[in-house]
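Residue-level listing of the chains:
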Amino acid sequence: MRVGILTSGGDAPGMNAAIRAAVRCGTGLDLEMVGIRRGFAGLVDGDLIPLDNRTVGGIIEHGGTILRSARSEAFLTQAGRQSALDTVESSGLSGLVIIGGDGSLKGAHWLDTHGVPSIGIPASIDNDIYGTGMAIGTDTALNTVVESLNRIRDTAISHGRVFVVEVMGRTSGYIALMGGLAGGAEIVLIPEIPISLDRVATLVKQGQNKGKLHSIIVVAEGFCPKGSPKEQNGSAGQAVNNFLNENKSIEPRLTILGHLQRGGSPSAFDRILGCRLGGKAVQLLKEGKAGVAVGLSREKIIAVPLEKMGQKSENIDLQIYDLVYKIAS
Ligand code: F6P
């Protein structure tokens, strides 16, 4: 049995651990493992490389993905999808392991329902994928955010300043909320809970009146202030920063963490998760149990039907959101 493995969408630290585990557990099960480069784009173009236990050596500690990744436009077209099916047939692949976010796992579902037995592995720093408590990469990204906030707090306290820190999350506030809680932020602004910029300014001023001269405002990149048009010029962090600066004379400083949140050596948690999910994926393929994504639930690895894949509908725990503000007061 020849099994292809690909990584798709935004890279996430721990993807390499999953590739390594899938390849080594796969060869142990007499599967021939083949890498597909650049995600679905490589499947469309037939960009395949052989993988064995040695080619995946020395990668567990590295962020990114040795198979590279892409957000493939071609795979969204009918012609592209047909090319992907042609690649599967011409290269004799009898199964696929697809590592990526909610869009990638929907792609896995499409392939599975078009005759290509597929298993999904959720990986995204946003932790917004249905069917798993944690996605590969989220823990490392959170640690990066927390370390960044620690550094920012040093200077914020020294100068008694307000800092606006923009983190990733176009549609998901998970990194902002959990990173903000762990990093001691006073205010967290997320796409799921729009609040007005006037309210943000009031919260900052209330803190200052209580003698708290510094504050850290963590803003998810997808935050849209209440009462503002959905389409904004510039980033969400920039909008918050400008409003506080111009309208409320608070003189904040802005830091946009950007893609540095996606890189870096994976945490122990993400390596362990990658190993467990990678190993389970090939085991299920070997057993003929495709059409599922593997995920983590209460410390156990579970299998969830691919047809259910998509974004988690309730990704934000309101009690945790409230806790951030209670602790800040
Ligand atoms: O992978 C998820 C994510 O990092 C989001 O948090 C972010 O909005 C998006 O990817 C950025 O994507 P890109 O690197 O393609 O600009």
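Keep in mind that this is a model prediction, so the values were computed, not measured.

Rules used in this analysis
- Residues numbered from 1 in each chain as written.
- Predicted model: local features only at pLDDT ≥ 70, side-chain atom pairs only at ≥ 80, totals over all residues.
- Heavy atoms only, no water.
- Helix = DSSP H or I, 4+ residues; strand = E, 2+ residues; numbered from the N terminus.
- Rg over C-alpha atoms; globule rule 2.2 N^0.38 Å.
- Buried < 20%, exposed > 50% of the residue type's maximum accessible area, 1.4 Å probe, protein only.
- Core = buried A, V, L, I, M, F, W, Y, C linked by side-chain atoms within 4.5 Å.
- Contact = heavy atoms within 4.5 Å.
- Near = heavy atom within 4 Å.
- Polar contact = N/O pair within 3.5 Å; in protein donor to acceptor, adjacent residues only side chain to side chain.
- Areas by Shrake-Rupley, 256 points an atom, 1.4 Å probe, with all protein chains shown as cover.
- Salt bridge = Lys/Arg side-chain N within 4 Å of Asp/Glu carboxyl O.
- Expected span 1.5 Å × (residues − 1).
- Pairing = 2+ DSSP bridges.
- Axes fitted to C-alpha atoms, helices over the stretch in contact; angles between N-to-C directions.
- Parallel < 35°, antiparallel > 145°, perpendicular 65-115°, else oblique.
- Left-handed = near helix turned anticlockwise from the far one by under 90°.
- Nonpolar A, V, L, I, M, F, W, Y, C, P; charged D, E, K, R; others polar.

A few words now on the overall build of the chain. A count of helical and extended segments in the chain gives 10 helices and 11 strands. Against the 2.2 N^0.38 benchmark of 20 Å for 329 residues, the chain shows a C-alpha radius of gyration of 21 Å, consistent with a compact globule. A principal-axis box enclosing the C-alpha atoms of the chain has dimensions of 70 × 35 × 30 Å. Taking all 329 residues of the chain together, the buried fraction comes to 54%.

In this structure, Val 97, Ile 99, Leu 189, Val 200, Ile 217, Val 240 and Leu 244 are the most contacted members of the largest nonpolar core, which totals 76 residues. If we skip the residues at most four places from it in the chain, Val 200 touches Ile 187, Leu 189, Ile 195, Ile 217, Val 240 and Leu 244. Grouped together as the second largest cluster of nonpolar side chains are 23 residues, Val 34, Leu 85, Ile 98 and Val 304 included.

Neighbouring the ligand are Gly 10, Arg 71, Ile 125, Asp 126, Met 168, Gly 169, Arg 170, Glu 221, His 259 and Arg 262. At a separation of 2.4 Å, an oxygen atom of the ligand approaches a polar side-chain atom of Glu 221. Here an oxygen atom of the ligand and a side-chain polar atom of Arg 262 are 2.9 Å apart. Calculation on the ligand without its partners gives an accessible area of 400 Å², and the protein chains cover 80% of this total.

Moving on, we come to the pattern of salt bridges. Per the counting criterion, the structure on display carries nine salt bridges. Residues Arg 38 and Asp 47 are paired through a salt bridge, measuring 3.2 Å at the closest nitrogen-oxygen approach. In this structure, the salt-bridge partner of Glu 147 is Arg 151, at a minimum N-O distance of 3.0 Å. Of this pair, Glu 147 and Arg 151 are both found in helix 5 (residues 138–159), four residues apart, which corresponds to roughly one turn of the helix. Among the residues examined, Arg 151 registers a relative accessible area of 56% and is labelled exposed. Linked by salt bridges that have partners in common, Arg 37, Arg 38, Asp 45 and Asp 47 make up one network.

Turning our attention to helix 5. A rise of 1.5 Å per residue sets the reference length of helix 5, with its 22 residues, at 32 Å; its end C-alpha atoms lie 31 Å apart and thus fit the reference within 8%. Among the residues trailing helix 5, Gly 160 stands out with phi positive, at a value near 60 degrees.

With that settled, consider the sheet that holds strand 4 (residues 95–100). One open sheet holds the seven strands; their spatial order is 3-2-1-4-5-10-11, and the pairing between them is mixed. Strands at the two margins of the open sheet, each flanked by one partner only, are strand 3 (48–50) and strand 11 (300–305). Strand-to-strand, the axes of this sheet are offset by a mean angle of 30 degrees, without reference to chain direction. Judged from the five bridges that link them, strand 1 (residues 2–7) and strand 4 form a sheet pairing that is parallel. Residue pairing across strands places Val 3 opposite Gly 95, the latter belonging to strand 4.

If you trace the backbone, Ser 104 turns up in helix 4 (residues 102–113). A C-alpha to C-alpha distance of 34 Å links Ser 104 and Asn 241, two positions 137 residues apart in sequence. With sequence-adjacent residues up to four places away left out, Ser 104 is seen in contact with Ser 8, Gly 9, Phe 40 and Ile 98.

Moving on to the sheet that holds strand 8 (residues 215–220). Taken together, four strands build an open sheet; the order of strands is 7-8-6-9 and the sheet is parallel. Each having just a single partner strand, strand 7 (187–189) and strand 9 (253–256) make up the two edges of the open sheet. Strand-to-strand twist across the sheet, computed as the mean angle between neighbouring axes with direction ignored, equals 20 degrees. Where strand 6 (residues 162–167) lies against strand 9, four bridges are found, and the strand directions are parallel. Note that in strand 9 the partner of Glu 166 across the bridge is Ile 256. Contacts from helix 6 (residues 174–182) reach strand 6, strand 7 and strand 8 within the one sheet, and its direction differs from that of strand 7 by about 170 degrees. Sheet strands in contact with helix 7 (residues 197–209) are strand 6, strand 7 and strand 8, and its direction is about 170 degrees off that of strand 7.

Turning next to the packing of helix 5 against helix 6. Where helix 5 meets helix 6, the closest approach of the two axes is 9 Å, and the angle between their N-to-C directions is 50 degrees. On the basis of their axis angle, the class for helix 5 and helix 6 is oblique. As for the relative orientation of helix 5 and helix 6, their crossing is right-handed in sense. Residues Thr 138, Leu 142, Val 145, Val 146 and Leu 149 of helix 5 touch helix 6, and the partners they reach there are Tyr 174, Ile 175, Met 178, Gly 179, Gly 180 and Ala 182. Class assignment of the residues belonging to the contact of helix 5 with helix 6 gives a composition of eight nonpolar, three polar and no charged.

A few words now on helix 8 (residues 236–247). Taking 1.5 Å of rise per residue, the 12 residues of helix 8 would be expected to cover 16 Å, and the 16 Å separating its terminal C-alpha atoms lies within 8% of that figure. Here helix 8 has its buried residues at Ala 236, Gly 237, Ala 239, Val 240, Asn 241, Phe 243 and Leu 244. Where helix 8 terminates, the next one or two residues include Ser 249, which has phi positive at roughly 40 degrees.

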